[in-house]
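The residues making up each chain are set out below.
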Amino acid sequence: MGPFHEGNPQLQRDEAQRSIGMAMQTIMLAARDMGYDSCPMIGFEFDKVAELIHLPKDHCIGPMIAIGKRSKDTWPKPGQLSLDEVMITDRFRD
Ligand SMILES: Cc1cc2nc3c(=O)[nH]c(=O)nc-3n(C[C@H](O)[C@H](O)[C@H](O)COP(=O)(O)O)c2cc1C
């Protein structure tokens, strides 16, 4: 994949975020399997966290995941969009 990403920092960043998303979901599912709950978050200061963890210059930060034992039940869900609204097959309608 090297040459495909070379010289294209935006694509490299997109690729990293795609991989982070897949890793995050795997971690969250594994946590659930181990009896923990989890919550993904992007509401934090990326630069401050980068400084704290000594993030190398050629790395980027993705969302953070809190994992732990639930202390209370989740809020009721506001509802779910229908599959028709979120899934596009072949092409968008004109
Ligand atoms: C990648 C990602 C980042 C998120 N970041 C935040 C955040 O910074 N603050 C926040 O209140 N919710 C954030 N959320 C939403 C919560 O993690 C959570 O999904 C939301 O509170 C609804 O909970 P539920 O999915 O259990 O209904 C984020 C969700 C995702 C997928």
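See the structure shown above.
The paragraphs below set out a description of the structure included in this document. (Residues numbered from 1 in each chain as written. Predicted model: local features only at pLDDT ≥ 70, side-chain atom pairs only at ≥ 80, totals over all residues. Heavy atoms only, no water.)

**A look at the site of the ligand**
Quick reminder of the rule: In these notes, residues near a molecule or strand are those with any non-hydrogen atom within 4 Å of it. N or O atoms within 3.5 Å of each other form a polar contact, as long as, within protein, one can give a hydrogen and the other can take it, and as long as residues adjacent in sequence are counted only when both atoms are side-chain atoms. In this description, accessible areas are obtained by the Shrake-Rupley approach with a 1.4 Å probe, and a residue is regarded as covered only by the protein chains that are shown. When residues are grouped by polarity, Ala, Val, Leu, Ile, Met, Phe, Trp, Tyr, Cys and Pro land in nonpolar, Asp, Glu, Lys and Arg in charged, and all others, Gly among them, in polar.
Within the structure, the ligand sits among C39, P40, M41, I42, G43, P63 and K77. In the model, an oxygen atom of the ligand is placed 2.7 Å from a nitrogen or oxygen of the P40 main chain. Here a nitrogen atom of the ligand sits 2.9 Å away from a polar atom, N or O, in the main chain of I42. Taken by itself the ligand offers 610 Å² of open surface, and the protein chains cover 41% of this. A class-by-class count of the residues in the shell around the ligand yields 5 nonpolar, 1 polar and 1 charged.

**Here we look at the packing of aromatic side chains**
This is how it is decided: Any Phe, Tyr or Trp ring, taking Trp's six-membered ring, that has another such ring centre within 6.5 Å forms a pair; planes under 30 degrees apart are called stacked, those over 60 apart edge-to-face, and the others tilted. Residue burial is assigned from relative accessible area. The probe radius is 1.4 Å, only protein chains are included, and a residue is buried under 20% of its type maximum, exposed over 50%, and partly exposed in between.
Evaluated as defined, the whole model comprises 1 aromatic pair. Where F44 meets F46, the ring centres are 4.9 Å apart and the plane angle is 65°; that geometry is what we call edge-to-face. On the accessibility criterion, F44 (16% relative accessible area) is buried. Looking at F46, the relative accessible area reads 38%, which means it is partly exposed.

**Some words on a nonpolar patch on the surface**
Rules: Patches in this entry comprise residues that are over 30% relatively accessible and not in a salt bridge; like charges within 9 Å are linked, as are nonpolar side chains (Val, Leu, Ile, Met, Phe, Trp, Tyr) within 5 Å. Any Lys or Arg side-chain nitrogen located within 4 Å of an Asp or Glu carboxyl oxygen qualifies as a salt bridge. The numbering of helices and of strands both runs from the N terminus, where a helix is a DSSP run of H or I of at least 4 residues and a strand a run of E of at least 2.
Taken together, the side chains of I27, M34, Y36 and I67 make up a nonpolar region of the molecular surface, amounting to roughly 390 Å² of accessible area. Among the secondary structure elements, I67 is positioned in strand β2 (residues 64-68).

**Considering unusual backbone geometry**
In this structure, H54 takes a positive phi of about 55° despite not being glycine. Structurally, the position occupied by H54 is in the loop between α3 (46-52) and β2. Its identity as a non-glycine residue notwithstanding, D90 has a phi of 70°, on the positive side. For D90, a relative accessible area of 77% puts it in the exposed group.

**Quick word on the environment of M64**
Note the following rule: Contact definition: two residues touch when any of their heavy atoms are within 4.5 Å.
Among the secondary structure elements, M64 is positioned in strand β2. Each C-alpha atom of the pair M64 and E15 lies 17 Å from the other, and the pair is 49 residues apart in sequence. For M64, the residues in contact, after removing those within four places along its chain, are C39, P40, M41, F44 and V49.

**As for the pattern of salt bridges**
Under the defined criterion, the tally for this structure stands at 5 salt bridges. Of the charged contacts in the structure, one is a salt bridge between D37 and R32, with a shortest N-O distance of 3.7 Å. Look at R32 and you get partly exposed, because its relative accessible area is 45%. R70 is the partner of D73 in a salt bridge, and the nearest nitrogen-oxygen pair spans 3.5 Å. The exposure class assigned to D73 is exposed, which follows from its relative accessible area of 61%. Exposure remark for R70: the relative accessible area of 44% places this residue in the partly exposed category. Through salt bridges with shared partners, a single network forms among R32, D37, R70 and D73.

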